[in-house]
Amino acid sequence: MHEFSLAQSVFDTIVSIAEKQNVKMIKKVILKFGMFALVQEDQFKFCFDIVKKDSEKTQNTILEIKWIPGVLRCLDCQFEGEIKKVPQDHIELAPIFKCPNCDSFSTEVLSGTETIIDSLLV
Ligand SMILES: [Zn+2]
């Protein structure tokens with residue numbers, strides 16, 4: 001499961017940061033996900049709540065997720081803009097993004113595939 005391995009890697013990263021900085025408890029972690037990273041928020045939260053119990057530092061960590069807009073450029077019609085809705089039927093496949101202007105699949109992602117740990121509150 002995509003969300004589970006992502007939650008695990010976020011967990012590993014924040015615990016190692018906390019260890020390096022001698023932090024006892026992480027109160028809150030703020031993550032930034034791109035719209036095109038295809039992370040399902042509910043599933044991610046569910047997975048994070050499981051993995052966070054593996055460390056005393058993260059047992060009570062509150063998770064906050066911020067979304068980065070997905071921006072697409074079409075190579076056929078030169079459309080460039082934000083895609084508000086990512087088609088759910090592509091979630092299981094390699095992400096393919098259709099131009100909302102001309103329906104072309106020759107598109108380039110300009111932003112929105114990020115999964116970033118934005119900040120930790122300790
Ligand atoms: Zn187009």
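Note: the structure precedes this text.
Bear in mind that the values here come from a model prediction, so they are computed numbers and not experimental data.

1. Quick look at the overall build of the chain
So, step 1. Of the regular secondary structure elements, the chain holds 2 helices and 6 strands.
So, step 2. The order of α-helices and β-strands along the chain, N terminus first, is α-β-α-β-β-β-β-β.
So, step 3. Taking the principal axes of the C-alpha coordinates as reference, the chain spans close to 55 × 25 × 15 Å.
So, step 4. Here the chain holds 122 residues, and 35% of them are scored as buried.

2. Remarks on the coordination of the zinc ion
For a metal bound by four donors in a tetrahedral arrangement, the ideal donor-metal-donor angle is 109.5 degrees, while six donors in an octahedral arrangement ideally sit at 90 or 180 degrees.
So, step 1. All of the protein donors around the zinc ion are C74 (SG), C77 (SG), C99 (SG) and C102 (SG); their distances to the metal are 2.3 Å.
So, step 2. One can describe the donor arrangement at the zinc ion as tetrahedral, given that its 4 donor atoms subtend angles of 107 to 113° at the metal.
So, step 3. In terms of primary sequence, the donors binding the zinc ion are separated according to C-x2-C-x21-C-x2-C.
So, step 4. Given the relative accessible area of 35%, C102 is considered partly exposed.

3. What about unusual backbone geometry?
So, step 1. Residues other than glycine seldom take positive phi values, yet L38 does so here, at roughly 55°.
So, step 2. Note that L38 resides in the loop between β1 (28-34) and α2 (41-51).
So, step 3. The phi torsion at Q78 lies on the positive side, around 70°, for a residue other than glycine.
So, step 4. Position of Q78 among the secondary structure elements: in the loop between β3 (70-74) and β4 (80-83).

4. Regarding the side chain of S104
So, step 1. In this fold, S104 is placed in the loop between β4 and β5 (107-111).
So, step 2. With relative accessibility at 9%, the residue S104 sits in the buried group.
So, step 3. Separated by 2.9 Å, the side chain of S104 and the backbone nitrogen of S106 make a polar contact.
So, step 4. Apart from residues no more than four positions distant in its own chain, S104 is found in contact with C74, D76, F97, K98 and C99.

5. Quick look at the pairing of β1
So, step 1. Counting buried positions over the 7 residues of β1 gives 5, a clear majority of the element.
So, step 2. Sheet topology places β1 next to strand β2 (residues 62-68); 7 bridges connect them, and they run parallel. Across the sheet, residue F33 finds its bridge partner in β2, namely W67.
So, step 3. Looking at chain direction, β1 and strand β6 (residues 115-121) are connected through 6 bridges and run antiparallel. Bridge pairing in β6 places F33 opposite T115.

The rules behind each value
- Residues numbered from 1 in each chain as written.
- Predicted model: local features only at pLDDT ≥ 70, side-chain atom pairs only at ≥ 80, totals over all residues.
- Heavy atoms only, no water.
- Helix = DSSP H or I, 4+ residues; strand = E, 2+ residues; numbered from the N terminus.
- Buried < 20%, exposed > 50% of the residue type's maximum accessible area, 1.4 Å probe, protein only.
- Donors = N, O, S within 2.8 Å, 3.2 Å for Na, K, Ca; no water.
- Tetrahedral: all angles 85-135°; square planar, octahedral: opposite > 155°, others 65-115°.
- Polar contact = N/O pair within 3.5 Å; in protein donor to acceptor, adjacent residues only side chain to side chain.
- Contact = heavy atoms within 4.5 Å.
- Pairing = 2+ DSSP bridges.

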